[in-house]
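Here is how the chains run, residue by residue.
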Amino acid sequence: MTIRKKLGRLFRSRRQELEMETELQFHLNQLAEEFMAEGLDRESAERAAKKEFGPMAVYKEQIWDSWRPPALADIHRSFQLALRSLRRSPGFTAIAILTLALGIGANTGMFSVMNSIMIRPLPYGNSEGLDRIYRATPENPKGAISPADLLDLRQEAEAYGEIAVYAYVDMTIVQPGKPADLTHGIRVSSNYFDTLQVTPILGRSFSLEEEILGNHRVLLLSYATWQRQFGGEFDVIGRTVRVNGEPHEIIGVLPESYSDWRYMGHVDIFRPLGLTPEETQERAETTMHLIGRPHPHLDREESHTFLSAISEKLAGTHPEVNEGSYWWAQPLNLIVADAPSRGVLSMIVGLSGFVLLIGCSNLANLMLARTIARSREFAMRSALGASRLQLLKPLVLEALILSLMGGVLAVLVAVWVTDWLTLASTNLEGDVAAFYLDWRVLAWALAASVATAIAFSLAPGLFAMRIDVNEALKSGGRTVSPGRGHQRLSKILIIGQFAMAMILLAGAALYGKGLHDATSRRFGWDSQNLITGQILLPEGTYPDQESIRVFHQETLEKLEALPGAVSASISYYNPFLPWHNPQRFVPGGKNLPEPGREPLVEVNAVTPRYFETMGTPVHTGRGFLDSDTLNSPKVFIINQYMAEAFFPGENPIGQQVGAVDESGYIWGEVVGVASNVQSVFPDTQQWRYQLYTPMAQALEHRGEIAVKTNGADPEMLLPLIRQTMTEMDPDLPLRYLRTADTAVEDDTYQQRVLYGILSGLAYLGLGLAALGIYGVISRTIVLRTGEFGIRLAIGARVHHIMRMVLISGLKLSLAGAGIGIAGAYGFAHLIVMAFPGLNLDIVPVIFGTALVLIFVSLAASFLPSRRASRISPTEALRAE
Amino acid sequence: MEKVRKELLQGTLDLLVLKTLATGSLHGWDIAKRIAVVSNNRLSLKQGSLYPALHRLEGRNWIEAEWGVSDAGRSAKFYKLTPKGKKQLTEEKDHWHSFAAAMASVLGMEESS
């Protein structure tokens, strides 16, 4: 027999069935005709034919069996038995499938998040061969390199493989007749796309010559930018647009798959590197990011040796910048999620596993009860010589059917979960954090279903194998009352559920409380009645400091003149979002620290009315004045931490602090001490020291504008501000113009999504645990009806009975909560590790959670206890 | 008693079918008729029980089936022996003869004692 034929026989195909039907019917018809020929009428002939033919259904079953190997035929029959048994108790089946759908669905959904973020490879050719190369310094283990170092590196790169380079650059794009756009861009080396093995879908990628300054005015577009800004038109190739004030030619469009949100997905525009002459000499400013594809014949060890050789060489030739730095590489696929996010992702998968376990132990309890109710049947079969395996088979099969059906629904739940996540994670710029259901997720769902089935058929299975045959058969038709052992098993399951629910709930509550405290904290700033936005002045229009200064001055005058505006400012950063401008500073008049050991300070440049606009108090000294200009003496305002650390016990006002520069120190005078400020991000710990410099003394093209209002409707002011900026310069793009409160909300969406996930899992876990204790208490009451009847008959009062029931529930939940508190402490420490910026009120939150849990368990046992109180003693005893 | 007879039938049914098909390609109805005629109706079997046997033999590759048209013009499934089936028939026949001979001698012994 051919393999195909064999395989075909495994499955009862429709065609096969039809053929069999035709064959048997043909025989029946022949028989009937024969009987009719003997003189019977049609009806009796058919009846006689059926009698002569024999039991048709049995034959069909036998024929089907002959199509299947014997083992399969056996499984088929057992399967039908299990199905029939499940159909007899639709309530149990429905609850079981629903519980499993939720449990496996939550678990699969979380796995699909983990899969989408850290398991699925990046969309580049052979992405597993790509490395991200870093230059680690004492401050930044994942530092970039300087352009001059890059040029040195390139001469030796041949021994390593391909090394591609990119550098971030904000670009202002102006198309004729359209408002200016501020976009995220990168400058890339000409081998960038070849290294990633990405080919443009339209046009071509960059050539080697285009990397040279002067030839560099060519662009590649991301697919999304092509669609959004250029209407997806095919004749976009060859079109000229103005980028930062200079005409550039569009030469290609990248495939949609290139823009993966996990890695540089927000980059819209690509331009060749085009290093300026100044850049080629630059060794201190590290702006170049490296991606490497080592030769396939190099192993990890060898490629690392190459990188360390490079760093040693550079440290030798340029010790002033490269002393103490070393180069290292990490697989690109690994960097999309750093260690903490990997931790968080594994954590949510683990927590969803808790939910699944709670669901499992509910089902184990239900199955246990079913098995106890059927213990006579089990005893009978065991007495008739059924082996242990044969005894267990129906249980395992029932569990398998339930969990596979639950698993199918679970995939729907997972789809729903990921849809919600995609929606919740889509940020302001429309970047979609896409979550995929792929074969890995489906395989996970299947594995979870099978594991679940095994887990929850284990307890009843163990019970079934231990049934005492004599005892069970002797007890007649009545259900065997569960022995102490089985009650204990039930109780352990419930306690375990409550412990897990406690951990889930406490974890969500801790994180939620911490997050709420973090996003609602207003450390050194006031987001009320505040509107902020981002600008980038085109370099072509504003070539020098003076032109920027004039622009700033006029802009602020106009903004402050708007109706409802109180004050306005321009600064590098807002106080509520993280700053990224650390520099080394030293206090004047003190022993200078060793080079490289100077404290790091976050630096912000601000216009004079920044402090009143943001609500950051200046405690001593003065704020900045319009008279602090490029030509006046350099002045600084420092925060309280820095004042205390740099000038302990002294008056900081009038002291000197110096910025560490290649050539020495740039000194300035401290004129004021401002309040410490802290951003809303709980998990990014910033440098404690903060320093402000007057904007006029450190002008930059990019900046944050801010307008403090008198409480006027932002809906009215936002368009006015936009209009003012357009009037100032029609080529000027304005990004993220929104109220500060909206900004805080938009930028903390990830944390809120995580909180949503945690609380969703916690509620699910709590609900399932409540359902579990409700079920177990109800069953205990049914089993103890006789006992309660006796108690009532000899004078117990109804409330005694109710109290007994409630106390038995309370004991279980107290034990569970007790164990859970220990687990919750452990969990709290995990959260602290993953989010060092969060302040957790561990003790009150955990004990509050325990109270909630106990209350829920009381409520869940109160309902069945009312049934206990309605037991009629006479009836209960009669039944006995 | 019923049970014994059924078992006997099941053991021999395969042989009966193989033997009947040795004459050529036949459909189930014809096979049933022939068995009835050749055995003078002494082997009473439910006609339907023929079909599980046919499918079992087909599964063992002793016979093969083909759809065709019956004498009455209806479409019917025709079975015929495969080479493997022919070999099997010879083997089964020998087996049966030696079994029958053994049984006869045992029973004969009993009678004579």
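Counting starts from 1 at the beginning of each chain's written sequence and moves along it residue by residue. Naming scheme: in the order in which they are written, chains are lettered from A and ligands are numbered from 1. Totals for whole chains, interfaces and linings use all residues, but because this is a predicted model, local features are given only for residues with pLDDT of at least 70 and pairs of side-chain atoms are given and counted only at 80 or more. Excluded from the side-chain calculation are hydrogens and water; included are all heavy atoms of the structure.

Some words on a nonpolar patch on the surface
All names here are of chain A.
Thinking step 1. Two distance rules govern patches: like charges are joined within 9 Å, and nonpolar side chains (Val, Leu, Ile, Met, Phe, Trp, Tyr) within 5 Å, applied only to residues with over 30% relative accessible area and no salt bridge. Every accessible area reported is derived by Shrake-Rupley at a probe size of 1.4 Å, with residue values counting cover from the shown protein chains alone. Throughout this description, the term salt bridge denotes a Lys or Arg side-chain nitrogen within 4 Å of a carboxyl oxygen of Asp or Glu. Where nonpolar side chains cluster on the molecular surface, the patch consists of Leu404, Leu446, Val450, Ile454, Leu458 and Leu462 and spans about 510 Å² of accessible area.
Thinking step 2. For the purposes of this entry, the term helix denotes a DSSP run of H or I that reaches at least four residues, the term strand denotes a run of E that reaches at least two, and both are numbered from the N terminus. Of note, valine 450 is situated in helix α17 (residues 439-466).
Thinking step 3. Burial here depends on accessible area, computed with a 1.4 Å probe over protein chains only, as a share of the maximum for the residue type. Under 20% is buried, over 50% is exposed, and the range in between is partly exposed. Residue class for valine 450 comes out partly exposed when judged on its relative accessible area of 32%.

Quick word on the environment of valine 798 of chain A
Thinking step 1. Considering the arrangement of structural elements, one finds valine 798 of chain A in helix α27 (residues 798-834).
Thinking step 2. When sequence neighbours within four positions are dropped, the list of residues in contact with valine 798 of chain A reads Leu792 and Ser869 of chain A. Here, two residues are considered to be in contact whenever any of their heavy atoms come within 4.5 Å of each other.

Things to note about the sheet that holds strand β3 (residues 75-81) of chain B
In sheet architecture, strand pairing relies on hydrogen bonds along the backbone and comes in two forms, parallel and antiparallel.
Residues and elements named next belong to chain B.
Thinking step 1. Pairing within the open sheet is antiparallel, and its three strands lie in the order β1-β3-β2. The open sheet terminates on both sides in strands that have one partner only, identified here as β1 (26-27) and β2 (63-69).
Thinking step 2. Bridge analysis of β1 against β3 gives two bridges, and the strand direction is antiparallel. Bridge pairing links histidine 27 to phenylalanine 78 in β3. Strand pairing is assigned whenever DSSP identifies at least 2 bridges connecting the two strands.

Quick word on the pattern of salt bridges
Thinking step 1. All told, the structure shown has 25 salt bridges over all chains when counted by the stated rule.
Thinking step 2. Between arginine 283 of chain A and aspartate 149 of chain A there is a salt bridge whose closest N-O contact spans 2.4 Å. Separated by 134 residues along the polypeptide, arginine 283 of chain A in the loop between α10 (277-281) and β9 (289-294) and aspartate 149 of chain A in helix α7 (residues 147-154) bring together distant segments of the chain. With respect to burial, arginine 283 of chain A and aspartate 149 of chain A carry one shared label: buried.
Thinking step 3. Of the charged contacts in the structure, one is a salt bridge between lysine 80 of chain B and glutamate 64 of chain B, with a shortest N-O distance of 3.9 Å.

Regarding the interface of chain B and chain A
Thinking step 1. Contacts between the two partners involve 24 residues from chain B and, on the opposite side, 22 residues from chain A.
Thinking step 2. Where chain B abuts chain A, roughly 2,100 Å² becomes buried across the two surfaces, and 55% of that area is made up of carbon and sulfur atoms.
Thinking step 3. The largest contributions to the chain B side of the interface with chain A come from Trp29, Tyr51 and His55 of chain B, which together make up 29% of the buried area.
Thinking step 4. Across the chain B-chain A interface, the total number found is two salt bridges.
Thinking step 5. Across the pair lysine 77 of chain B and glutamate 23 of chain A runs a salt bridge whose closest N-O atoms are separated by 4.0 Å.
Thinking step 6. Any N or O atom pair separated by 3.5 Å or less is treated as a polar contact, with the protein-specific requirement of one donor-capable and one acceptor-capable atom, and with residues adjacent in sequence counted only for side-chain atom pairs. Where chain B meets chain A, there are nine residue pairs in polar contact (both at pLDDT 80 or more).
Thinking step 7. Elements supplying a minimum of two residues to the side of chain B that touches chain A: α2 (28-38), α3 (50-59) and β3 of chain B. The term buried area denotes the loss of accessible surface (1.4 Å probe radius) that occurs when two parts are joined, taken as the sum for both partners.

Overview of helix α4 (residues 56-67) of chain A
Thinking step 1. Under the convention used throughout, the expected extent of a helix is 1.5 Å for every residue step, that is, one less than its residue count. Between its first and last C-alpha, α4 of chain A extends 17 Å over twelve residues, near the 16 Å set by a 1.5 Å rise per residue.
Thinking step 2. Within the sequence span of α4 of chain A, burial applies to Tyr59, Lys60, Ile63, Trp64, Asp65 and Trp67 of chain A.

Observations regarding the pairing of strand β7 (residues 246-253) of chain A
Residue and element names in this part refer to chain A.
Thinking step 1. Pairing of strand β4 (residues 202-203) with β7 involves two bridges; the strand directions are antiparallel. Paired with leucine 202 across the two strands is valine 253, which belongs to β7.
Thinking step 2. Pairing analysis gives four bridges linking strand β5 (residues 218-221) to β7, with the strands arranged parallel. Looking at the pairing, valine 218 lines up with glutamate 249 of β7.
Thinking step 3. As paired strands, strand β6 (residues 240-243) and β7 are joined by four bridges and run antiparallel to one another.

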